[in-house]
Amino acid sequence: MCERTGASSVIAQRVHGSISSASNSPIGGATLRDSSPARSEGVTLMTTARETGQMNAEKPVSKKRARRAVLAATAGNTLEWYDLTSYGFFAVSISKAFFPSGDPTVSLMLAFGTFGVSYLVRPLGALVLGTYADRTGRKAALLLTIRLMMIGTLLIAVMPTYESIGIAAPVMILVARLLQGFSAGGEFGSATAFLAEQSADRRGFMASWQFASQGLATLMAATFGTVLSLSLSGAQLDSWGWRIPFFVGLLIGPVGYMIRRHVPETTEFVDAAESGDVATTPVRQVLRSQKLPVLLMVGALVMSTAVTYVIVYMPTYAHEVLGLPSSAGFIGAAVSGVALTTITPLIGHLSDRVGRIKVMLIAGTAMILSIYPLFLLLSGSPSLLVMGVVMFILGLLKACYFGALPALMSEAFPTATRGTGLSLSYNIGVMSFGGFAPVIITWMIAATGSHLSPSFYIMVAGVLSIASLLASRRFLALR
């Protein structure tokens with residue numbers, strides 16, 4: 001206990017100057033109970049979840065501070081997802097530039113494989129950067145992750161092709177993706193904790209901006225894809241046009257860094273530091289006594305992440321599978337991005353009133369029941385209009401599901417280990433069901449000949465998520 005108190009004193013001094021005033025109300029009860037091996041894990045976690053949702057509720061967040069927090073957290077997340085989505089959208093061009101092969105399907109699978117391999121390092125980033133966020137503060141972790149993301153983006157934007165430097169080209173693309181994967185491993189947990197801790201009584205609305213920024217990133221990348229595919233020839237797009245979105249991404253990074261640099265630390269973390277409840281070994285604490293919430297939050301995430309990466313795959317699906325122009329896939333993704341950006345915060349606000357799990361169960365069930373008919377319609381009548389309708393419905397249902405998800409995940413962990421718990425559960429889920437989704441679906445279509453393969457993938461993920469939500473309500477007392 002002395003070690004924890006000493007470390008907390010140092011952290012409290014470091015973060016106290018970044019916020020004008022901070023309450024001294026102790027919040028350590030949940031943390032100490034949660035880490036006690038003598039207590040039943042189920043009972044402990046139910047108590048933790050209830051107390052986490054109630055603590056600091058009396059501290060309303062000002063509108064000015066809320067806006068600054070949203071901008072700071074979402075700027076880096078937008079950059080992360082913009083780069084990720086751009087890579088997926090332009091996978092055909094990237095495969096030709098860095099993974100040449102006599103078989104276009106093999107080249108595409110290599111490009112998507114590199115996309116997926118970067119997710120293997122995400123749990124490592126989650127452990128390292130999540131621990132950093134829990135020990136030094138959310139703000140410090142947010143500044144570090146955006147620096148790392150900018151380096152990876154720069155490498156992809158300027159990397160010479162396989163034709164120019166040979167095998168070094170795909171190797172360096174892999175290095176860039178691994179660096180981005182490592183930084184992304186800590187981005188979600190740090191940014192979500194930062195948003196969720198701004199206001200306990202509006203946790204759903206504030207945390208929902210984390211995922212709304214993913215919709216904005218999809219919209220931005222899809223807009224660039226639409227403009228470039230309509231204004232450039234196929235040869236120009238494959239030669240240099242695909243690099244343009246990544247250079248634009250480099251402009252987002254410095255703006256996000258400056259915004260993050262000038263926001264204060266969260267009140268909830270400052271309170272934890274001042275009252276001695278900052279964990280010195282959050283990874284050990286999570287792995288020892290919070291395995292159940294990690295497992296259940298992974299399960300709750302998998303449907304959301306499966307749909308996300310199906311959306312990323314859709315421009316390739318439209319062009320390579322359905323025979324539509326590339327612009328049709330980009331326009332469809334843009335429509336989905338609009339739905340995700342605008343509807344997600346509304347669902348987060350709704351979840352503050354009626355509960356997270358109720359909203360998510362309804363949306364998840366609707367997704368499972370409708371995804372097969374949607375892809376049946378799209379594969380049977382492929383056109384720009386049908387693509388737009390299908391992608392809007394897909395974006396709408398996804399927004400209704402994942403608008404409440406960040407708050408639900410944050411409430412599954414106490415303040416002392418929230419950054420680590422969020423990062424670990426999110427990145428295990430994304431690694432397992434997200435990063436390799438495009439290459440798995442490409443293989444499924446090639447192996448079975450069925451254009452409906454993406455719907456089967458989402459249905460399986462949906463069943464797992466529904467079961468996890470029901471278990472979270474029973475064993476974690478989340479609502």
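Residues numbered from 1 in each chain as written. Predicted model: local features only at pLDDT ≥ 70, side-chain atom pairs only at ≥ 80, totals over all residues. Heavy atoms only, no water.

### With respect to the overall build of the protein chain
Put simply, the test is: Under the DSSP-based scheme used, a helix requires at least four consecutive residues in state H or I and a strand at least two consecutive residues in state E, with every element numbered from the N terminus. Exposure categories follow from relative accessible area, calculated using a 1.4 Å probe and restricted to protein chains: below 20% of the type maximum is buried, above 50% is exposed, and the middle band is partly exposed. Pairs of residues are marked as contacts when any of their non-hydrogen atoms sit within 4.5 Å. Per-residue accessibility takes into account occlusion by the displayed protein chains alone, with areas from the Shrake-Rupley method and a 1.4 Å probe.
Helix and strand counts for the protein chain come out as 23 helices and 0 strands. Taken over 479 residues, the protein chain has a buried fraction of 62%. Once local pairs closer than 6 in sequence are excluded, the contacts in the protein chain between residues at least 24 apart make up 87%. Within the structure as shown, the protein chain displays about 16,700 Å² of accessible surface, and the carbon and sulfur contribution to it stands at 69%.

### Things to note about the nonpolar core
In globular proteins that are soluble, nonpolar side chains generally tend to be buried together. What counts here: For our purposes a nonpolar core is just a set of buried Ala, Val, Leu, Ile, Met, Phe, Trp, Tyr and Cys residues, chained together by side-chain atoms within 4.5 Å.
F98, M297, Y317 and L405 are the most contacted members of the largest nonpolar core, which totals 113 residues. Considering each element in turn, this core owes the most residues, 19 residues, to helix α16 (residues 291-321). The next biggest cluster of nonpolar side chains, apart from the first, holds 12 residues, and it includes A66, V70, A73 and L142.

### Quick word on the environment of M206
Along the polypeptide, M206 turns up in helix α11 (residues 203-231). Along the chain, M206 and A69 lie 137 residues apart, while their C-alpha atoms are 8.7 Å from each other. Setting aside chain neighbours within four positions, we find M206 in contact with A66, A69, V70, L195 and Q198.

### Comments concerning the confidence of the model for the protein chain
The criterion, for reference: For every residue, the predictor reports its confidence as pLDDT, a number between 0 and 100.
When pLDDT is averaged along the protein chain, the result is 84; 87% of the residues meet or exceed 70. Contacts from residues 1-12, a stretch scored under 50 in pLDDT, to residues over four places away or in other chains number 19 contacts. Scored below 50 in pLDDT, residues 14-58 shows 94 contacts in the model against residues more than four places distant or in partner chains.

### Quick notes on a nonpolar patch on the surface
What counts, and what does not: Like-charged residues within 9 Å of one another, or nonpolar side chains (Val, Leu, Ile, Met, Phe, Trp, Tyr) within 5 Å, are grouped into patches, provided each residue has over 30% relative accessible area and no salt bridge. Just to be clear on terms, a salt bridge is a Lys or Arg side-chain nitrogen sitting within 4 Å of an Asp or Glu carboxyl oxygen.
Nonpolar side chains collect at one region of the surface, where Y162, I167, V171, M172 and V175 lie side by side and expose about 420 Å² of accessible area between them. With respect to the helices, strands and loops of the structure, V175 is situated in helix α10 (residues 168-196).

### Notes on the pattern of salt bridges
Applying the stated rule across the entire model yields 9 salt bridges. Of the charged contacts, one joins R138 and D134 as a salt bridge, the two residues approaching to 2.7 Å between their closest N and O atoms. Accessibility classification places R138 together with D134 in one group, the buried group. Among the ionic pairs, E411 bridges to R356, the shortest N-O distance being 2.7 Å.

### Remarks on helix α7 (residues 122-136)
Every α-helix carries 3.6 residues per turn, so stepping three or four residues along brings you back to the same face. Condition: By this rule the span expected of a helix is its residue count minus one, scaled by 1.5 Å.
For α7, built from 15 residues, the straight-helix expectation of 21 Å at 1.5 Å per residue is met to within 8% by its first-to-last C-alpha distance of 20 Å. Among the residues of α7, those classed as buried are R122, P123, G125, A126, L129, G130, T131, A133, D134 and T136. Trailing α7 by a residue or two, G137 shows a phi angle of about 125°, which is positive.

### With respect to the packing of aromatic side chains
To keep things clear, this is the line we draw: Aromatic pairs are defined between Phe, Tyr and Trp rings, using the six-membered ring for Trp, whenever the two ring centres lie within 6.5 Å; interplanar angles under 30 degrees are classed as stacked, those over 60 as edge-to-face, and all others as tilted. Our definition puts a charge over a ring when NZ of Lys or CZ of Arg is within 6 Å of the ring centre and also within 35 degrees of the ring normal.
On inspection of all chains with the given rule, the structure shows 15 aromatic pairs. Summarising the aromatic geometry, the rings of F90 and F330 are spaced 5.5 Å apart at their centres and angled 35° between planes, so their arrangement reads as tilted. Separated by 240 residues along the polypeptide, F90 in the loop between α4 (63-89) and α5 (91-98) and F330 in helix α17 (residues 326-354) bring together distant segments of the chain. Take F90: its relative accessible area is 2%, and that puts it in the buried class. On the numbers, 6.0 Å between centres and 55° between planes, the contact of F112 with Y313 is tilted. Of this pair, F112 sits in helix α6 (residues 104-117) while Y313 sits in helix α16, and the two are 201 residues apart along the sequence. Note on accessibility: F112 and Y313 belong to one class, buried. Taken together, F112, Y313, Y317 and F375 form an aromatic cluster joined through their ring pairs. Of note, R177 hangs over the ring of Y87, and the distance from its end group to the ring centre comes to 5.2 Å.

### Things to note about the environment of T308
Relative to the helices and strands, T308 is located in helix α16. For the pair formed by T308 and A437, sequence separation is 129 residues and the distance between their alpha carbons is 9.4 Å. Other than its neighbours up to four places away in sequence, T308 contacts W81, Q214 and K398.

### What to know about unusual backbone geometry
One non-glycine residue with positive phi stands out, namely A477, at about 60°. Position of A477 among the secondary structure elements: in the segment after α23 (453-475).

### Observations regarding helix α13 (residues 244-261)
The terminal C-alpha atoms of α13 lie 27 Å apart, and with 18 residues this matches the ideal 26 Å at 1.5 Å per residue to within 8%. Buried residues along α13 sit against α4, α5, α8 (138-158), α10 and α11.

### Quick notes on the side chain of S336
With respect to the helices and strands, S336 occurs in helix α17. We classify S336 as buried; its relative accessible area is 0%. When sequence neighbours within four positions are dropped, the list of residues in contact with S336 reads I311, M391 and G395.

### Let's talk about the side chain of E268
Quick reminder of the rule: Two N or O atoms count as a polar contact when they lie within 3.5 Å, although within protein this holds only if one can serve as hydrogen donor and the other as acceptor, and sequence-adjacent residues are included solely when both atoms are side-chain atoms.
In this structure, E268 sits in helix α14 (residues 267-274). Residue classification places E268 among the buried positions, given a relative accessible area of 2%. Here R418 takes part through its side chain, which lies 2.8 Å from a polar atom of the side chain of E268.

### A look at the packing of helix α22 (residues 437-448) against α23
Definition in use: Every axis corresponds to a line fitted to the C-alpha atoms, with the helix fit spanning only the stretch in contact, and the corresponding angles, defined between N-to-C directions, vary from 0 to 180 degrees. Roughly parallel means an angle under 35 degrees; roughly antiparallel, over 145; roughly perpendicular, 65 to 115; everything else is oblique. In this scheme the crossing of two helices becomes right-handed for a clockwise turn of the near helix relative to the far one and left-handed for an anticlockwise turn of less than a right angle. In the scheme used here, Gly and all other residues not listed as nonpolar or charged are polar, with Ala, Val, Leu, Ile, Met, Phe, Trp, Tyr, Cys and Pro taken as nonpolar and Asp, Glu, Lys and Arg as charged.
With their axes 9 Å apart at the nearest point, α22 and α23 run at an angle of 130° to one another. The orientation of α22 with respect to α23, classified from their angle, is oblique. For the pair α22 and α23, the crossing hand works out as right-handed. Contacts between α22 and α23 pair A437, I440, I441, M444, I445 and T448 from the former with S453, P454 and Y457 from the latter. Looking at the contact of α22 with α23, its residues break down into 7 nonpolar, 2 polar and no charged.

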